[in-house]
Amino acid sequence: PILVIAAVFSGLSATIGSVYIGYKKTKSIGITTMSAAIVNIIIHLLLVKPMGLYAASISTLVAFVALFVYRIIGLRKIEPIKINISSFFLSLPLLAFVWCLYATELMHMQIISVGLALLASLFLILKNKETIMDFLGRLKKGAVNNDKTK
């Protein structure tokens, strides 16, 4: 489950990174990525002796969470956007639970886990619909304004 959650933060960080590209802030992508890599290396080196192989997955998770947080903070400086962080972090235990169901390798449990994942995704989208639509509208408006200046 640790690497599954890390993959979620990786995907979120990559999505925010694409917004940075849209705003021509590619230097920030490099800086945030290198910062996360340094966090990963430091935490891995600190944890490898006491935790063994788990150090790699824990350091990867912490690095991607740091990358996500750093990019969210940077995004808010570029584009004022409201993000419901509490509902996002509350969904992480559900993600871990769904992954555990899926990992059982029992077909009926896998079907249930996929259904729960879809329901959770739908719930989060509906709960944040206004924020998502507002952001997409701002992004589209920004793209239109950039085209007019060329």
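Basis of the calculations
- Residues numbered from 1 in each chain as written.
- Predicted model: local features only at pLDDT ≥ 70, side-chain atom pairs only at ≥ 80, totals over all residues.
- Heavy atoms only, no water.
- Phe/Tyr/Trp six-rings, centres within 6.5 Å; stacked < 30°, edge-to-face > 60°.
- Helix = DSSP H or I, 4+ residues; strand = E, 2+ residues; numbered from the N terminus.
- Buried < 20%, exposed > 50% of the residue type's maximum accessible area, 1.4 Å probe, protein only.
- Expected span 1.5 Å × (residues − 1).
- Arc of directions from axis to C-beta.
- Core = buried A, V, L, I, M, F, W, Y, C linked by side-chain atoms within 4.5 Å.
- Axes fitted to C-alpha atoms, helices over the stretch in contact; angles between N-to-C directions.
- Parallel < 35°, antiparallel > 145°, perpendicular 65-115°, else oblique.
- Left-handed = near helix turned anticlockwise from the far one by under 90°.
- Contact = heavy atoms within 4.5 Å.
- Nonpolar A, V, L, I, M, F, W, Y, C, P; charged D, E, K, R; others polar.
- Polar contact = N/O pair within 3.5 Å; in protein donor to acceptor, adjacent residues only side chain to side chain.
- Patch = residues over 30% accessible without salt bridge, like charges linked within 9 Å, V, L, I, M, F, W, Y side chains within 5 Å.
- Areas by Shrake-Rupley, 256 points an atom, 1.4 Å probe, with all protein chains shown as cover.
- Salt bridge = Lys/Arg side-chain N within 4 Å of Asp/Glu carboxyl O.

**Student:** Report on the packing of aromatic side chains, specifying residues and quantitative values.
**Tutor:** One pass over the full model with this rule turns up 1 aromatic pair. Aromatic pair Phe9 and Phe68: ring centres 5.4 Å apart, planes at 65°, arrangement edge-to-face. Residue Phe9 is located in helix 1 (residues 2-22), and its partner Phe68 is located in helix 3 (residues 54-78); the two are separated by 59 residues in the primary sequence. Each member of the pair, Phe9 together with Phe68, is buried.

**Student:** Describe helix 5 (residues 107-127), and please don't skip the residues or the numbers.
**Tutor:** Its 21 residues give helix 5 an end-to-end C-alpha distance of 30 Å, which sits within 8% of 30 Å, the value for a rise of 1.5 Å per residue. Along helix 5, the residues that are buried comprise Gln110, Ser113 and Ala120. All buried residues of helix 5 fall inside an arc of 90° around its axis, so they share one side. Across helix 5 from its buried face, at more than 90 degrees, point the exposed residues Met107, Ile111, Leu118, Leu119, Phe123 and Leu126.

**Student:** Got a sec to walk through the nonpolar core? Specific residues and values, please.
**Tutor:** Ranked by size, the top nonpolar core spans 12 residues in total: Ile5, Phe9, Ile16, Val19, Tyr20, Ile29, Phe68, Ile72, Leu75, Ile81, Leu92 and Phe135. Contributing elements (two or more residues each) for this core: helix 1 and helix 3. With 5 residues, the single largest contributor to this core is helix 1.

**Student:** Which residues make up unusual backbone geometry, and what are the values?
**Tutor:** Positive phi, close to 60°, is recorded for Lys24, a residue that is not glycine. Mapped onto the fold, Lys24 is located in the loop between helix 1 and helix 2 (26-51). Residue Lys24 is classed as exposed on the basis of its relative accessible area of 63%.

**Student:** If you had to explain the packing of helix 2 against helix 3 to someone new, which residues and values would you point to?
**Tutor:** For the pair helix 2 and helix 3, the least separation of the axes is 8 Å and the interaxial angle reads 150°. The angle between helix 2 and helix 3 falls in the class roughly antiparallel. Where helix 2 crosses over helix 3, the handedness of that crossing is right-handed. Here Ile29, Ile31, Thr32, Thr33, Ala36, Val39, Asn40, Ile43, His44, Leu47, Val48 and Met51 of helix 2 lie close against helix 3, whose contacting residues are Tyr54, Ala55, Ala56, Ile58, Ser59, Thr60, Val62, Ala63, Leu67, Tyr70 and Arg71. Along the lines of polarity and charge, the residues of the contact of helix 2 with helix 3 split into 16 nonpolar, 6 polar and 1 charged.

**Student:** How would you explain the side chain of Arg71 if you had to name every residue and give the values?
**Tutor:** The residue Arg71 is located in helix 3 in this model. You can call Arg71 buried: its relative accessible area is 4%. Within polar-contact distance, the side chain of Arg71 engages the side chain of Thr33 at 2.9 Å. Sequence-distant contacts of Arg71, defined by excluding residues within four places in its chain, comprise Ser13, Ala14, Ile16, Gly17, Tyr20, Ile29, Thr32 and Thr33.

**Student:** Now, about a nonpolar patch on the surface: what can you tell me, with residues and values included?
**Tutor:** Judged by side-chain polarity, Ile125, Ile132, Met133 and Leu136 come together as a nonpolar surface patch covering roughly 370 Å² of accessible area. The element that contributes the greatest number of residues to the nonpolar patch is helix 6 (residues 129-148), accounting for 3 residues. Classification of Ile125 as partly exposed rests on a relative accessible area of 49%.

Keep in mind that these numbers describe shape and distance, not what the molecule does.
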